[in-house]
Structures are given as structure tokens and as C-alpha cells.
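# Structural features, examined
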Amino acid sequence: MSFEIRPVTPDDHAVWLPLWRGYQTFYKTDIPAEVSDHSWARFLDPAEPMYAAIAWQNNKAIGLVHWIYHRSCWTAGDYCYLQDLFVAPDTRGTGAGRKLIEHVYDHATNASAARVYWLTQEDNVTAMKLYDRIGDKSGFIQYRKML
């Protein structure tokens, strides 16, 4: 299948938001609108290390990816955290998820990042079939404390 992956523009908000809400539904969460608005503004601010792209197929937005660069004590190059990846349910299995991840790989390579990494829920077995083919499991378990 043919996809176009391109960075978001201010005009993309109306197509990004339903995909973003779909992502939240998938993960059974509800991010407040003001937080989503804040993230959207960061994606558009060239001074921010946060980025977003949309997958398009036949002029229809079918997926999104968000990523963030940050420093690491382990490498001279920044790490790239692929924070959010979502493909609309009716287009899953078409290769759009892979293309979105590869878009982030390309962006991170051009930014001289040392690593791209991401997390997924342990029961997201369908997505993990793709991730096992295009990434390496770290062996780490995430712990967190919400503040």
C-alpha cells in the first residue's frame, strides 16, 4: 500500500485530533483537552524537541506518531522516545505502523540521535509482532510514580 508520512502543520489539527482521541480510547485513558492543546502547540513550535507526523492514504489521515528527543548519560547523542503511535482500526495491518516508525527512525538518524525507543503495554500482542521485527527488546521493566 502507498502511504505518505508528513509532519503536522497547523491545518492538520482537525484530522489529528480524532486520531489522538482514538489512541486514547485504545489505551483506555482520557487526556484533558488543555493538555492535548498544549502538546499540539509544542509540535508546531520549532524550539520544542517534540514532533508529530500523520500517515495519509488517498488523502485520508489514517495514523499518527509523536516523538521526543532528550539527553542521555549513556551516549553523546540524544535519545528519541517514540511516545505515541496509532493507526486507525480499519487500516491496521496495511504497513502504516511500520512506515510511521520508519519515519521516526529517519528523523532520528538525521538528528544524529543515538537511539530510538518506545514502550507498549504487555498485552498489545498484535503491535508487538511488528515491534519484534523492527526493534530490539531492552529487557527493562518500566517503573513510575505519577506526580
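All values derive from a computational prediction rather than experimental measurement.

Quick look at the packing of helix H3 (residues 96–110) against helix H4 (residues 125–134) now. Relative to each other, H3 and H4 sit at 40°, their axes nearing to 11 Å. The angle between the axes of H3 and H4 places the two elements in the oblique class. In the packing of H3 onto H4, the handedness of the crossing is right-handed. Residues Gly97, Arg98, Ile101 and Tyr105 of H3 form the contact with H4, whose own contacting residues are Leu130, Tyr131, Arg133 and Ile134. Classifying every residue of the contact of H3 with H4 by side-chain character gives five nonpolar, one polar and two charged.

Empty space within the largest pocket amounts to approximately 2000 Å³. Counting residues per element, the ones that place at least two in the lining of the largest pocket are helix H1 (13–26), helix H2 (33–44), strand S3 (60–70), strand S4 (79–87), strand S5 (115–117) and H4. If one sorts the elements of the lining of the largest pocket by residue count, S4 sits on top with six residues. Tallied by class, the residues present in the lining of the largest pocket amount to 25 nonpolar, twelve polar and eight charged. Of the voids in this model, the second largest pocket is the one considered here, and its volume is about 500 Å³. In terms of lining, the second largest pocket is formed by 23 residues, of which the most central are Arg92, Gly93, Thr126, Ala127 and Leu130. Those elements that provide at least two residues to the lining of the second largest pocket are H1, S4, H3 and H4. Considering every element that reaches the lining of the second largest pocket, the biggest residue donor is H4, with seven residues. Here the residues of the lining of the second largest pocket are counted per class, giving eleven nonpolar, seven polar and five charged.

This brings us to H3. Relative to the 21 Å expected for 15 residues at 1.5 Å per residue, H3 spans 21 Å between its end C-alpha atoms, a close match to the ideal helical length. The complete set of buried residues in H3 reads Ala96, Gly97, Leu100, Ile101, His103, Val104 and Ala108. Across the axial projection of H3, the buried residues extend over an arc of 150°, all falling on one side. Seen from the open side of H3, the exposed residues pointing more than 90 degrees away from its buried face are Thr109 and Asn110. The elements touched by buried residues of H3 are strand S1 (4–7), strand S2 (50–57), S3, S4, S5 and H4. Note on H3: the residue one or two positions beyond its end, Ser112, has a positive phi of about 60°.

Let us look at the pairing of S3. Consecutive side chains along a regular strand alternate between the two faces of the sheet. Counting buried positions over the eleven residues of S3 gives nine, a clear majority of the element. Bridge analysis of S2 against S3 gives eight bridges, and the strand direction is antiparallel. Its bridge partner lying in S3, Met50 is registered against Ile68. The hairpin formed by S2 and S3 contains two residues between the paired strands, and Asn58 there has a positive phi angle of roughly 50°. In this sheet, S4 lies alongside S3 in antiparallel orientation, the contact comprising eight bridges. Across the sheet, the residue bridging to Ile68 is Tyr81, located in S4.

Quick notes on the rules
Residues numbered from 1 in each chain as written. Predicted model: local features only at pLDDT ≥ 70, side-chain atom pairs only at ≥ 80, totals over all residues. Heavy atoms only, no water. Axes fitted to C-alpha atoms, helices over the stretch in contact; angles between N-to-C directions. Helix = DSSP H or I, 4+ residues; strand = E, 2+ residues; numbered from the N terminus. Parallel < 35°, antiparallel > 145°, perpendicular 65-115°, else oblique. Left-handed = near helix turned anticlockwise from the far one by under 90°. Contact = heavy atoms within 4.5 Å. Nonpolar A, V, L, I, M, F, W, Y, C, P; charged D, E, K, R; others polar. 1 Å grid on protein atoms, 1.4 Å probe; cavity = no way out; pocket = protein on both sides within 12 Å on 5 of 7 lines; lining within 4 Å. Points joined across faces, edges and corners; volume = space filled by probe spheres on them. Expected span 1.5 Å × (residues − 1). Buried < 20%, exposed > 50% of the residue type's maximum accessible area, 1.4 Å probe, protein only. Arc of directions from axis to C-beta. Pairing = 2+ DSSP bridges.

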